[in-house]
Structures are given as structure tokens and as C-alpha cells.
Amino acid sequence: MAAAGEPHSSLYDTIVVGAGIQGSFTAYHLAKRGRDTLLLEQFPLPHSRGSSHGQSRIIRHAYAQEHYTQMMAESYGLWEQLEAEAGAPLYRQTGLLVLAANTNPEFQRFCQTLAQHHIPSELFTAESLRGRFPGIRPYCGEAGVSDRTAGVLYADRALRAVQDGFRRCGGALRDSEQVTDIQPGVVVTVTTSGGVYQAKSLVITAGPWANKLLAPLGLLLPLQTLRINVCYWKEKVPGAYGVSAHFPCFLAICDPHHIYGLPSNEYPGLVKICYHSGSPADPEERDRPPEASGLPDIQVLQDFVSKYLPGLVPEPAVVEHCMYTNTPDEDFVLDRHPKFSNIVIGAGFSGHGFKLAPVVGKLLCQLSVGEEPSYTMEPFGIRRFPALPPAAL
Ligand SMILES: Cc1cc2nc3c(=O)[nH]c(=O)nc-3n(C[C@H](O)[C@H](O)[C@H](O)COP(=O)(O)OP(=O)(O)OC[C@H]3O[C@@H](n4cnc5c(N)ncnc54)[C@H](O)[C@@H]3O)c2cc1C
């Protein structure tokens, strides 16, 4: 390591800041291409301060927006490849049920996308839902559509696997090193709490800390950081909502925010059910209790569980915490810095980025090596935000 204030002797091809799932996959793709890559992480690994920790995430083709369903086809393949390299399961197929009033326009879009992309799926009425999933008590007029390819990713294990894969390809991962300064240029100079490093290109994947690193580079993205309560609910009969009982993941389209759940698996007897929103919070103060008038998410979940899932105790048994970093349209930011083209940004994953990380990493890698990205980048561009300060553009 270089002494403080003194540059590291070698010039890296790329430095990636932030070893969450997005930065780790970006570094993995870069190292696989033989790029000399340094991945920097502020905390000792593993840690639970960002957005990528925890036992589980939903993986699915089902999306209301077609561009994500398209990307998921490749993402599944890349997850399988990582699983083979890791020699350990990273995914369990459980299926997913999308639930809504049958006239709901978003629900209709989910059905269309599944059909257009020939994803194995099935439509349910309230009655057929009751027959197939006795643990669910649907209301009159409700409908469901399944995505049989969906399931659960073992998140902590997956993060470790991609970081191990990166190291096996010769990548350097330095944790406990906070990036404190970035000097743009043809060669980018990055100062951390442990040293000074230089690279031909830089990728910033700092999760809820993104704007802290971007502001000194003249860019403030319209990102909102939210504290999420990750709630686990006890089964009255152990296993009734479990993977062995073939209970699926679900996504209930509710107003104003969706509710999603995963079958009991990682914590025996506990089903994970969360509200797809949270209270605004700085990641440095994530666990500070929110204002009394904060989001009534747990109350909303309690009402949902007692009405809808009668086999669960309608009070959370365990509550963990995590962060979302939301954009106004909940599409990601995958783009070059408007002024410094060798600085690439991946941010704003809006609570749905884990499943797509293998493709996100590939796209950020392509942007940083100056290649044409494999997908249309229109939904992910920085210029879609009209309110950015002109100095940044
Ligand atoms: C409760 C919850 C449930 C979710 N469920 C799903 C799901 O079911 N399916 C799905 O696809 N997605 C889901 N997501 C979303 C997904 O987990 C996130 O989109 C993804 O983890 C974001 O990863 P990231 O790498 O951008 O951020 P992070 O994991 O936060 O990583 C950013 C990293 O950058 C580091 N960093 C920041 N600043 C610095 C600095 N100055 N120097 C060095 N390092 C720095 C941080 O310490 C951190 O490790 C969920 C998220 C949450 C919170």
C-alpha cells in the first residue's frame, strides 16, 4: 500500500469505489477481461451498512417495464455462471406471484411482459388462488399471475462469491479504506483513508453514499436515501409458508407502495414481508428512530398480514434494516459523468437492483472501457433529470 499522500506505484486500468453487489460485479467483469482493477470499500467486509447485505433477495423475470425483463434473460445466465464458479448454490427457484385487482394497469403490464417474453407463467382468479395457495386469503376481484422462473438469491453468499471470483481473476480488493477525495483527469487520482491510487478510469458504485462522492465532482443526482424495515413474520404452523410447502415469493401491487414477501427459508419459521418504501434517512444515521410522523410502514404491513395471510402472527418477530437509494422514476443511473468521461456512475438502484447486478456490472464495465453498451441506455441516462445544475452538464 502507498503511504498516505504518496501515489501507489502502479497505474490501475480501473478503480471501482464501493464493494456492494453493483461495484463487486463491475470489478468482476473488468478483471475477467484482464483489466488491472482495484475495488475499494470503506468498511471491513462483510458489513451491513449499505444495501447488499442480508440472506435473501427476489430474482424474477416479471417486470412491468420491458427493459428489465429483457436484461433479466442475460442476468439469469450470469448468475448461473457465478454459481458454477463458486461451486455453491446461490439461488433457489420458488416462483413468484404478482397480485392485484384484475383491472389494475400495472398488473396488466406485468402480464403482457411475461407473455411477450414467453416466460412460463399462469393466470389466477381469486378462486383459483385460494385453491392453489391456501395460505393466502384473496379478496373478491383480485387476480394473480405467476412467474415460474422466479426465486430467491442468497444475497450474502452471492456477494462473497462475486468478490471471490474477482480476486481469482487477479483483482485487488481493499476494504476498510474510505475514499475521501477524487481528482479527475486523464489519470484519475483517488485518495483513501489508507493511501493514494491512480487509474485510467473510475467507477463510482457507492450506494446510498453516491451523492457524497459526486458532489465534489459538481454533480448532485436526485437520489433519495430511505431506511427500510426488513420484517420477518412468524408462521403459526412452522413451514406452512415455507419453500418446502411450495409457497412462492409474492409482489402485491398496492397503493401507494407495493408489498413483497419471500417464503420462510433462511430463518426457519419466519416469512420475510416488507414494504417497498421507507423513511428518508442519511446512511450515517440509518438506525436513528424516525420522526413520530414517519412512514406507518409496519402498521400497513400488520394490516396486510392479518387480512391476507391468516397463518402468520400479525406482528413482526424480527426487524432488520437496509437502505434504498431511489431515483424519481425508480430507474437506475448507469452513465458517464457529464464532464469527466472516464468517470462512470452506477447509482439509484431503487430497491430492485440485486437481481440485475450481473448485467449492471457488465454495462458499467462496458462504459468504463469505452465500448458500446449491450442494451439501450436511454432509461438510465443522467440527462433524463431536468433539474441538474447546469455546471454539471
Ligand atoms: C430490504 C431490501 C430488500 C431488497 N430486495 C430486493 C430484491 O428482492 N430484489 C432485488 O433485485 N433487489 C432488492 N433490493 C435492492 C438491492 O439490494 C440493491 O439495489 C443493491 O444491493 C444496491 O447495491 P449497491 O452496490 O448499489 O449499494 P451498496 O450495497 O450500498 O454498496 C455500496 C458500497 O459502497 C461503499 N462506499 C460508499 N462510499 C464509499 C467511500 N467513500 N469509499 C469506499 N467505499 C464506499 C459502501 O460502504 C457500500 O459497501 C433490496 C434492498 C433492500 C434494502
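Residues numbered from 1 in each chain as written. Predicted model: local features only at pLDDT ≥ 70, side-chain atom pairs only at ≥ 80, totals over all residues. Heavy atoms only, no water.

Engineer: Got a minute to help me understand the nonpolar core in this structure?
Structural biologist: In a soluble, globular protein the nonpolar side chains are often hidden away together inside. With 44 residues, the main nonpolar core has Trp79 and Leu334 as its most contacted residues. Broken down by secondary-structure element, the contributors of at least two residues to this core are helix H1 (21-32), helix H2 (66-86), helix H5 (155-168) and helix H8 (357-369). Apart from the residues lying within four places of it in its own chain, the contact partners of Leu334 are Ile345, Gly346, Phe349, Val360, Leu363, Leu364, Leu367, Met377 and Phe380. (Core = buried A, V, L, I, M, F, W, Y, C linked by side-chain atoms within 4.5 Å. Buried < 20%, exposed > 50% of the residue type's maximum accessible area, 1.4 Å probe, protein only. Helix = DSSP H or I, 4+ residues; strand = E, 2+ residues; numbered from the N terminus. Contact = heavy atoms within 4.5 Å.)

Engineer: It is not clear to me how the sheet that holds strand E3 (residues 56-59) should be interpreted in this structure. Could you clarify?
Structural biologist: Two modes of strand pairing occur in sheets, parallel and antiparallel, and in both the strands are linked by backbone hydrogen bonds. A sheet is described by the order of its strands in space; here three strands give the open sequence E3-E8-E4, paired in antiparallel fashion. The open sheet has two edge strands, E3 and strand E4 (91-93), and neither has a second partner. On average, each strand axis in the sheet is inclined to that of its neighbour by 25 degrees, with strand direction left out of account. With three bridges connecting them, E4 and strand E8 (residues 151-154) associate as antiparallel partners. Bridging from a neighbouring strand, Gln93 pairs with Gly151 of E8. Of the strands in this sheet, E3, E4 and E8 are in contact with H2, which crosses E3 at around 135 degrees. Across the sheet, H5 lies against E3 and E8, angled at about 55 degrees from E8, the strand it touches most. (Pairing = 2+ DSSP bridges. Axes fitted to C-alpha atoms, helices over the stretch in contact; angles between N-to-C directions.)

Engineer: Is there a simple way to explain the environment of Ala317 in this structure?
Structural biologist: Here Ala317 is to be found in strand E18 (residues 312-326). On the basis of relative accessibility, which here comes to 46%, the residue Ala317 falls in the partly exposed class.

Engineer: For this particular structure, what's the right way to read the site of the ligand?
Structural biologist: Around the ligand, the surrounding shell holds 37 residues, and the nearest of these are Glu41, Ser52, Ile58, Cys322 and Lys355. Within the side chain of Glu41, a nitrogen or oxygen atom sits 2.6 Å from an oxygen atom of the ligand. Ile58 is positioned with one of its backbone polar atoms (N or O) 2.7 Å from an oxygen atom of the ligand. The fraction of the free accessible surface of the ligand (1000 Å²) that becomes covered by protein chains is 97%. Looking at the shell around the ligand, the elements with two or more residues in it are H1, E3, strand E13 (224-235) and E18. With three residues, the top contributor of residues to the shell around the ligand is E18. Partitioned by chemical class, the residues of the shell around the ligand number 19 nonpolar, 14 polar and four charged. Counting only domains with at least three residues in the shell around the ligand, you end up with domain 1 (7-52 + 156-220 + 329-392) and domain 2 (93-151 + 224-325). (Near = heavy atom within 4 Å. Polar contact = N/O pair within 3.5 Å; in protein donor to acceptor, adjacent residues only side chain to side chain. Areas by Shrake-Rupley, 256 points an atom, 1.4 Å probe, with all protein chains shown as cover. Nonpolar A, V, L, I, M, F, W, Y, C, P; charged D, E, K, R; others polar. Domains from an automatic or database assignment.)

Engineer: Whenever I open this one, the pairing of E8 confuses me. Can you help?
Structural biologist: In the case of a regular strand, side chains alternate between the two sheet surfaces. Relative to E8, E3 is paired through four bridges, and the arrangement is antiparallel. Residue pairing in the sheet places Ile58 in a bridge with Val152 of E8.

Engineer: Explanation requested: the domain arrangement of the protein chain in the structure shown.
Structural biologist: Assigned domains of the protein chain: these are domain 1 (7-52 + 156-220 + 329-392) and domain 2 (93-151 + 224-325). Taken over C-alpha atoms, the centre of domain 1 sits 31 Å from the centre of domain 2. At the interface, 13 residues of domain 1 touch ten residues of domain 2. A per-residue breakdown of the area domain 1 buries against domain 2 is headed by Arg49, Pro208 and Gly351, which together make up 39% of the total. Across the contact surface, domain 1 and domain 2 share two salt bridges. One salt bridge connects Asp282 with Lys212, and the closest N-O pair in it is separated by 3.3 Å. Joining domain 1 to domain 2, the criterion identifies eight residue pairs in polar contact (both at pLDDT 80 or more). Of the residues contributing to the side of domain 1 that touches domain 2, the split by class is three nonpolar, seven polar and three charged. (Buried area = accessible area lost by both parts, 1.4 Å probe. Salt bridge = Lys/Arg side-chain N within 4 Å of Asp/Glu carboxyl O.)

Engineer: Which parts of the structure should I look at to understand the confidence of the model for the protein chain?
Structural biologist: It should be kept in mind that the predicted coordinates are not to be read in detail where pLDDT is low. Of the residues in the protein chain, 94% reach a pLDDT of 70 or more, and the chain-wide mean stands at 94. Below pLDDT 50 for its whole length, residues 1-5 participates in eleven contacts with residues either more than four positions away or in separate chains. (pLDDT = per-residue confidence, 0-100.)

Engineer: Is there a simple way to think about the packing of H1 against H2 in this case?
Structural biologist: For any two helices packed against each other, one specifies the inter-axial angle together with the distance between the axes. Running from N to C, H1 and H2 point in directions that differ by 75 degrees, and their axes come no closer than 14 Å. Regarding the angle of H1 to H2, the classification is roughly perpendicular. In this structure, H1 uses Ile21, Phe25, Tyr28, His29 and Lys32 to contact H2, whose residues at the interface are Leu78, Trp79, Gln81, Leu82 and Glu85. Split into classes, the residues belonging to the contact of H1 with H2 amount to six nonpolar, two polar and two charged. (Parallel < 35°, antiparallel > 145°, perpendicular 65-115°, else oblique.)

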